[in-house]
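Understanding the architecture of this molecule
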Amino acid sequence: MKPRPMKPRRTHLTRLMAIWRSAGWPWRDGIELDLVAAGWATLTAGTGGHETVRLTDAGIRLVADARQRGQRALSAHDQLAAKMAAHLVAAGRVVWCELSLRARIAPDEALPGQGKASWRMARPDVFSVRRTTVENYLQPMVHEVKVSRADLLSDLRHAAKREAYQWLSCETYYVLPAGVAEPEEIPEAFGIWLLNGAADTGTLTLARTARHTPCQLPFSVWMALAQAAPTRMDGEPAQMDLADLEDLTDLADPADLADLANDP
(Lines give C-alpha, C1' and ligand atoms only; values in the text may rest on other atoms or scores of the structure.)
Protein backbone atom coordinates (compact mmCIF):
# COMPACT_ATOMS: atom_id res chain seq x y z
CA MET A 1 0.00 0.00 0.00
CA LYS A 2 1.44 3.35 -1.02
CA PRO A 3 1.68 5.81 1.95
CA ARG A 4 -0.91 8.57 1.92
CA PRO A 5 0.52 12.12 2.10
CA MET A 6 -0.39 13.53 5.50
CA LYS A 7 0.84 16.21 7.87
CA PRO A 8 1.44 14.80 11.38
CA ARG A 9 -0.68 16.26 14.18
CA ARG A 10 0.10 16.31 17.88
CA THR A 11 -1.96 13.21 18.51
CA HIS A 12 -0.04 11.36 15.80
CA LEU A 13 3.35 12.26 17.27
CA THR A 14 2.25 11.31 20.78
CA ARG A 15 0.87 7.97 19.63
CA LEU A 16 4.04 7.18 17.70
CA MET A 17 6.08 7.71 20.85
CA ALA A 18 3.65 5.55 22.82
CA ILE A 19 4.06 2.76 20.26
CA TRP A 20 7.84 3.13 20.45
CA ARG A 21 7.69 2.60 24.22
CA SER A 22 4.98 -0.06 24.30
CA ALA A 23 4.73 -3.79 23.70
CA GLY A 24 3.23 -3.03 20.30
CA TRP A 25 -0.39 -4.05 20.85
CA PRO A 26 -2.74 -2.32 18.39
CA TRP A 27 -5.26 0.32 19.52
CA ARG A 28 -7.47 -0.20 16.48
CA ASP A 29 -8.67 3.40 16.49
CA GLY A 30 -8.68 6.29 14.04
CA ILE A 31 -5.27 7.60 15.08
CA GLU A 32 -3.62 4.26 14.43
CA LEU A 33 -5.40 4.05 11.10
CA ASP A 34 -3.85 7.41 10.12
CA LEU A 35 -0.37 6.22 11.16
CA VAL A 36 -0.59 3.05 9.08
CA ALA A 37 -2.06 4.87 6.08
CA ALA A 38 0.72 7.48 6.19
CA GLY A 39 3.41 4.82 6.34
CA TRP A 40 4.63 5.84 9.84
CA ALA A 41 3.59 2.55 11.44
CA THR A 42 2.90 -0.96 10.23
CA LEU A 43 0.84 -3.92 11.43
CA THR A 44 2.75 -7.20 11.63
CA ALA A 45 1.31 -10.67 12.22
CA GLY A 46 3.10 -12.67 14.90
CA THR A 47 3.77 -16.41 14.92
CA GLY A 48 0.73 -16.95 17.14
CA GLY A 49 -1.56 -15.15 14.74
CA HIS A 50 -1.87 -11.95 16.77
CA GLU A 51 -0.94 -8.56 15.32
CA THR A 52 1.46 -5.97 16.67
CA VAL A 53 2.05 -2.42 15.51
CA ARG A 54 5.57 -1.10 15.00
CA LEU A 55 7.13 2.13 13.78
CA THR A 56 8.50 2.17 10.25
CA ASP A 57 11.75 3.93 9.40
CA ALA A 58 9.69 6.97 8.38
CA GLY A 59 7.86 6.93 11.72
CA ILE A 60 11.11 6.72 13.66
CA ARG A 61 12.55 9.68 11.75
CA LEU A 62 9.37 11.67 12.37
CA VAL A 63 9.46 11.09 16.14
CA ALA A 64 13.20 11.76 16.36
CA ASP A 65 12.84 15.06 14.49
CA ALA A 66 9.94 16.14 16.74
CA ARG A 67 11.94 15.22 19.83
CA GLN A 68 14.90 17.33 18.72
CA ARG A 69 12.61 20.28 18.02
CA GLY A 70 11.09 19.86 21.47
CA GLN A 71 14.49 19.83 23.15
CA ARG A 72 15.55 23.00 21.34
CA ALA A 73 12.31 24.67 22.40
CA LEU A 74 12.81 23.96 26.09
CA SER A 75 12.81 27.18 28.10
CA ALA A 76 15.15 27.92 31.01
CA HIS A 77 12.28 26.98 33.33
CA ASP A 78 11.78 23.62 31.59
CA GLN A 79 15.50 22.87 31.68
CA LEU A 80 15.75 23.56 35.41
CA ALA A 81 12.60 21.52 36.13
CA ALA A 82 14.02 18.63 34.11
CA LYS A 83 17.32 18.86 35.97
CA MET A 84 15.54 18.77 39.33
CA ALA A 85 13.42 15.83 38.17
CA ALA A 86 16.52 13.93 37.06
CA HIS A 87 18.13 14.53 40.46
CA LEU A 88 15.07 13.15 42.25
CA VAL A 89 14.85 10.10 39.99
CA ALA A 90 18.54 9.39 40.66
CA ALA A 91 17.77 9.63 44.38
CA GLY A 92 15.22 6.83 44.01
CA ARG A 93 12.00 8.80 43.86
CA VAL A 94 9.07 8.44 41.45
CA VAL A 95 8.61 11.80 39.71
CA TRP A 96 5.85 13.53 37.77
CA CYS A 97 6.15 16.92 36.06
CA GLU A 98 3.40 19.52 35.59
CA LEU A 99 0.56 17.56 37.15
CA SER A 100 -2.83 19.15 37.81
CA LEU A 101 -3.86 18.18 41.34
CA ARG A 102 -6.90 19.20 43.39
CA ALA A 103 -5.83 20.73 46.72
CA ARG A 104 -7.73 21.82 49.81
CA ILE A 105 -7.32 25.38 51.05
CA ALA A 106 -8.22 26.29 54.63
CA PRO A 107 -10.56 29.28 55.14
CA ASP A 108 -9.03 32.71 55.66
CA GLU A 109 -10.23 33.77 59.11
CA ALA A 110 -9.39 37.39 58.32
CA LEU A 111 -12.01 37.50 55.57
CA PRO A 112 -15.74 37.58 56.37
CA GLY A 113 -17.81 34.76 54.97
CA GLN A 114 -14.83 32.40 54.63
CA GLY A 115 -16.17 29.86 57.09
CA LYS A 116 -15.26 26.66 55.27
CA ALA A 117 -12.42 25.23 53.28
CA SER A 118 -12.24 25.62 49.52
CA TRP A 119 -10.58 23.69 46.72
CA ARG A 120 -8.26 24.82 43.95
CA MET A 121 -6.21 23.23 41.20
CA ALA A 122 -2.50 23.14 41.98
CA ARG A 123 0.07 22.59 39.25
CA PRO A 124 3.44 21.85 40.87
CA ASP A 125 6.37 21.85 38.48
CA VAL A 126 7.78 18.65 40.00
CA PHE A 127 5.88 16.24 42.26
CA SER A 128 7.52 13.11 43.66
CA VAL A 129 7.14 10.27 46.15
CA ARG A 130 9.58 7.73 47.55
CA ARG A 131 9.76 4.42 45.71
CA THR A 132 8.14 2.32 48.42
CA THR A 133 5.13 0.04 48.97
CA VAL A 134 4.42 1.45 52.45
CA GLU A 135 2.01 4.39 52.29
CA ASN A 136 3.38 6.06 55.42
CA TYR A 137 6.87 6.11 53.90
CA LEU A 138 5.92 7.88 50.66
CA GLN A 139 6.92 11.37 51.83
CA PRO A 140 5.45 13.30 48.86
CA MET A 141 7.39 16.41 47.85
CA VAL A 142 6.69 19.44 45.69
CA HIS A 143 9.50 21.30 43.93
CA GLU A 144 8.41 24.61 42.42
CA VAL A 145 10.80 26.12 39.87
CA LYS A 146 11.31 29.88 39.59
CA VAL A 147 13.92 31.19 37.17
CA SER A 148 13.38 34.93 37.68
CA ARG A 149 13.00 37.16 40.70
CA ALA A 150 9.73 38.61 39.39
CA ASP A 151 8.24 35.13 39.03
CA LEU A 152 9.30 34.19 42.55
CA LEU A 153 7.93 37.36 44.15
CA SER A 154 4.64 36.90 42.30
CA ASP A 155 4.37 33.37 43.67
CA LEU A 156 5.16 34.49 47.22
CA ARG A 157 2.28 36.97 47.09
CA HIS A 158 -0.26 34.13 46.61
CA ALA A 159 -0.61 32.42 49.98
CA ALA A 160 -3.33 30.06 48.69
CA LYS A 161 -0.98 28.71 46.03
CA ARG A 162 1.71 27.95 48.59
CA GLU A 163 -0.86 26.38 50.91
CA ALA A 164 -2.01 24.09 48.11
CA TYR A 165 1.55 22.84 47.63
CA GLN A 166 1.89 22.21 51.37
CA TRP A 167 -1.41 20.33 51.51
CA LEU A 168 -0.15 17.97 48.80
CA SER A 169 3.28 17.29 50.25
CA CYS A 170 5.30 16.60 53.35
CA GLU A 171 7.99 19.00 52.15
CA THR A 172 7.82 21.87 49.64
CA TYR A 173 10.87 23.37 47.94
CA TYR A 174 11.63 26.31 45.71
CA VAL A 175 14.24 25.66 43.00
CA LEU A 176 16.06 28.82 41.90
CA PRO A 177 19.14 29.92 39.98
CA ALA A 178 21.70 31.26 42.43
CA GLY A 179 21.30 35.00 42.95
CA VAL A 180 17.56 35.19 42.27
CA ALA A 181 16.75 35.63 45.98
CA GLU A 182 18.23 35.38 49.43
CA PRO A 183 17.04 32.46 51.59
CA GLU A 184 15.54 34.78 54.20
CA GLU A 185 13.16 36.19 51.56
CA ILE A 186 11.39 32.83 51.32
CA PRO A 187 9.14 31.64 54.19
CA GLU A 188 10.98 29.34 56.59
CA ALA A 189 8.63 26.42 56.00
CA PHE A 190 9.91 26.06 52.43
CA GLY A 191 13.17 24.45 51.44
CA ILE A 192 15.49 25.90 48.81
CA TRP A 193 17.53 24.32 46.02
CA LEU A 194 19.98 26.57 44.17
CA LEU A 195 21.30 26.09 40.63
CA ASN A 196 24.93 27.14 40.29
CA GLY A 197 25.77 27.74 36.64
CA ALA A 198 23.76 26.99 33.50
CA ALA A 199 20.82 24.60 33.56
CA ASP A 200 22.56 22.10 31.26
CA THR A 201 26.00 22.09 32.93
CA GLY A 202 25.44 23.60 36.40
CA THR A 203 24.99 21.83 39.72
CA LEU A 204 22.14 21.78 42.21
CA THR A 205 22.83 22.56 45.86
CA LEU A 206 20.47 22.18 48.79
CA ALA A 207 20.54 25.58 50.52
CA ARG A 208 17.82 24.87 53.11
CA THR A 209 15.82 21.80 54.09
CA ALA A 210 12.04 22.22 54.08
CA ARG A 211 10.01 21.82 57.24
CA HIS A 212 8.67 18.26 57.34
CA THR A 213 4.95 17.81 58.02
CA PRO A 214 3.50 14.27 57.89
CA CYS A 215 0.71 13.87 55.32
CA GLN A 216 -1.15 11.18 53.41
CA LEU A 217 -2.20 11.46 49.80
CA PRO A 218 -5.99 11.63 49.31
CA PHE A 219 -7.76 9.38 46.83
CA SER A 220 -8.12 12.12 44.21
CA VAL A 221 -4.34 12.56 44.10
CA TRP A 222 -3.85 8.80 43.76
CA MET A 223 -6.19 8.82 40.77
CA ALA A 224 -4.29 11.69 39.13
CA LEU A 225 -0.99 9.86 39.62
CA ALA A 226 -2.44 6.64 38.21
CA GLN A 227 -3.44 8.42 35.01
CA ALA A 228 -0.12 10.23 34.50
CA ALA A 229 3.15 8.77 33.21
CA PRO A 230 6.10 9.27 35.59
CA THR A 231 9.19 11.00 34.28
CA ARG A 232 11.80 8.56 32.97
CA MET A 233 15.49 9.28 32.54
CA ASP A 234 18.29 7.79 30.44
CA GLY A 235 19.18 4.31 31.61
CA GLU A 236 15.61 3.30 32.42
CA PRO A 237 13.81 0.81 30.15
CA ALA A 238 12.82 2.39 26.84
CA GLN A 239 9.95 -0.08 26.39
CA MET A 240 7.05 -0.13 28.84
CA ASP A 241 5.20 -3.27 29.81
CA LEU A 242 1.68 -3.40 28.46
CA ALA A 243 0.29 -3.14 31.99
CA ASP A 244 2.22 0.11 32.53
CA LEU A 245 1.17 1.78 29.28
CA GLU A 246 -0.75 5.00 29.87
CA ASP A 247 -3.11 6.77 27.50
CA LEU A 248 -0.82 9.46 26.14
CA THR A 249 -3.12 10.95 23.51
CA ASP A 250 -3.98 14.07 25.51
CA LEU A 251 -0.56 15.72 25.44
CA ALA A 252 -0.89 19.28 24.22
CA ASP A 253 2.41 19.85 22.46
CA PRO A 254 5.06 17.91 20.52
CA ALA A 255 7.64 19.37 22.90
CA ASP A 256 6.29 16.90 25.47
CA LEU A 257 8.03 14.22 23.41
CA ALA A 258 11.26 15.25 25.13
CA ASP A 259 9.86 13.85 28.40
CA LEU A 260 8.27 10.85 26.71
CA ALA A 261 11.59 9.95 25.14
CA ASN A 262 13.15 9.54 28.59
CA ASP A 263 15.50 12.48 28.21
CA PRO A 264 15.33 15.59 30.41
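My aim in this report is to walk through the structure given alongside it, one point at a time.

Spatially, the 6 strands line up as an open sheet ordered E3-E6-E7-E8-E9-E10, and their pairing is mixed. On the outer flanks of this sheet lie strand E3 (93-97) and strand E10 (203-208), each paired with one strand and no other. Strand after strand, the sheet turns through a mean of 25° between neighbouring axes, direction not considered. Here strand E7 (residues 141-145) runs beside strand E8 (residues 171-177); their pairing, made up of 5 bridges, is parallel. Considered in E8, the bridge of Met141 is made with Glu171.

Along the chain, Tyr173 turns up in strand E8. Sequence separation of Tyr173 and Trp193 is 20 residues, and the distance between their C-alpha atoms is 7.0 Å. At 2.8 Å, the side chain of Tyr173 forms a polar contact with the side chain of Glu171. Only 3.3 Å separates the side chain of Tyr173 from the backbone nitrogen of Ala210, close enough to count as a polar contact.

The next point concerns the pattern of salt bridges. Taken as a whole, this structure holds 7 salt bridges when the rule is applied. Its salt-bridge partner being Lys146, residue Asp155 comes within 3.2 Å of it at the nearest N-O pair. Of the two residues, Asp155 and Lys146, neither departs from the other in class, the shared state being buried. Shared partners join several salt bridges into a network, and the residues in it are Glu144, Lys146, Asp151, Asp155 and Lys161.

Right, let's talk about helix H5 (residues 149-156) for a bit. For H5, every residue scored as buried is listed here: Leu152, Asp155 and Leu156. Viewed end-on, H5 has its buried residues packed into an arc of 100°, placing them on one side of the element. In this structure, the buried residues of H5 make contact with E7, helix H6 (159-168) and E8.

Another point: helix H7 (residues 219-226). The α-helix advances 3.6 residues per turn, and as a result positions three or four apart in sequence lie on the same side. Where H7 is concerned, the buried positions are Val221, Ala224 and Leu225. Here the buried residues of H7 occupy an arc of 100° about the axis, which is enough to place them on one side.

Here the focus is the packing of helix H1 (residues 10-21) against helix H2 (residues 30-38). Relative orientation of the contacting elements H1 and H2 amounts to 85°, with a least axis distance of 10 Å. Classified by the angle between their axes, H1 and H2 sit roughly perpendicular to one another. Contact with H1, carried on its side by Thr11, His12, Arg15, Leu16 and Ile19, involves Ile31, Glu32, Asp34 and Leu35 of H2 and no other residues of that element. Class assignment of the residues belonging to the contact of H1 with H2 gives a composition of 4 nonpolar, 2 polar and 3 charged.

Among the nonpolar cores identified, the biggest contains 19 residues, and Trp96 and Phe127 are the most heavily contacted of them. Mapped onto this core, the elements with two or more residues apiece are E3, strand E4 (101-105), strand E6 (126-130), H6 and H7. For Phe127, the residues in contact, after removing those within four places along its chain, are Val94, Val95, Trp96, Leu99, Leu101, Pro140, Met141, Val142, Leu168, Leu217, Val221 and Leu225. Grouped together as the second largest cluster of nonpolar side chains are 17 residues, Leu88, Val89, Val145 and Trp193 included.

Bringing a nonpolar patch on the surface into the picture now. Nonpolar side chains collect at one region of the surface, where Phe219, Trp222 and Met223 lie side by side and expose about 330 Å² of accessible area between them. Positionally, Phe219 belongs in helix H7. On the basis of relative accessibility, which here comes to 64%, the residue Phe219 falls in the exposed class.

The next thing to look at is the packing of aromatic side chains. Scanning all chains against the criterion turns up 3 aromatic pairs. Ring geometry for Trp96 against Phe127: centres 6.4 Å apart, planes inclined by 50°, an arrangement best described as tilted. Highlighted residues: Trp96 in strand E3 and Phe127 in strand E6, separated in sequence by 31 residues. Neither Trp96 nor Phe127 differs from the other in exposure class; each is buried. For the ring pair Trp119 and Trp167, a centre distance of 5.5 Å and an interplane angle of 85° mean the geometry is edge-to-face. Of this pair, Trp119 sits in strand E5 (residues 118-122) while Trp167 sits in helix H6, and the two are 48 residues apart along the sequence. When its relative accessible area of 42% is taken as the criterion, Trp119 is described as partly exposed. Seen from the ring of Trp27, Arg15 lies directly overhead, with NZ or CZ sitting 4.1 Å from the centre.

The rules behind the values
- Residues numbered from 1 in each chain as written.
- Predicted model: local features only at pLDDT ≥ 70, side-chain atom pairs only at ≥ 80, totals over all residues.
- Heavy atoms only, no water.
- Pairing = 2+ DSSP bridges.
- Helix = DSSP H or I, 4+ residues; strand = E, 2+ residues; numbered from the N terminus.
- Axes fitted to C-alpha atoms, helices over the stretch in contact; angles between N-to-C directions.
- Polar contact = N/O pair within 3.5 Å; in protein donor to acceptor, adjacent residues only side chain to side chain.
- Salt bridge = Lys/Arg side-chain N within 4 Å of Asp/Glu carboxyl O.
- Buried < 20%, exposed > 50% of the residue type's maximum accessible area, 1.4 Å probe, protein only.
- Arc of directions from axis to C-beta.
- Contact = heavy atoms within 4.5 Å.
- Parallel < 35°, antiparallel > 145°, perpendicular 65-115°, else oblique.
- Nonpolar A, V, L, I, M, F, W, Y, C, P; charged D, E, K, R; others polar.
- Core = buried A, V, L, I, M, F, W, Y, C linked by side-chain atoms within 4.5 Å.
- Patch = residues over 30% accessible without salt bridge, like charges linked within 9 Å, V, L, I, M, F, W, Y side chains within 5 Å.
- Areas by Shrake-Rupley, 256 points an atom, 1.4 Å probe, with all protein chains shown as cover.
- Phe/Tyr/Trp six-rings, centres within 6.5 Å; stacked < 30°, edge-to-face > 60°.
- Lys NZ or Arg CZ within 6 Å of the ring centre and 35° of its normal.

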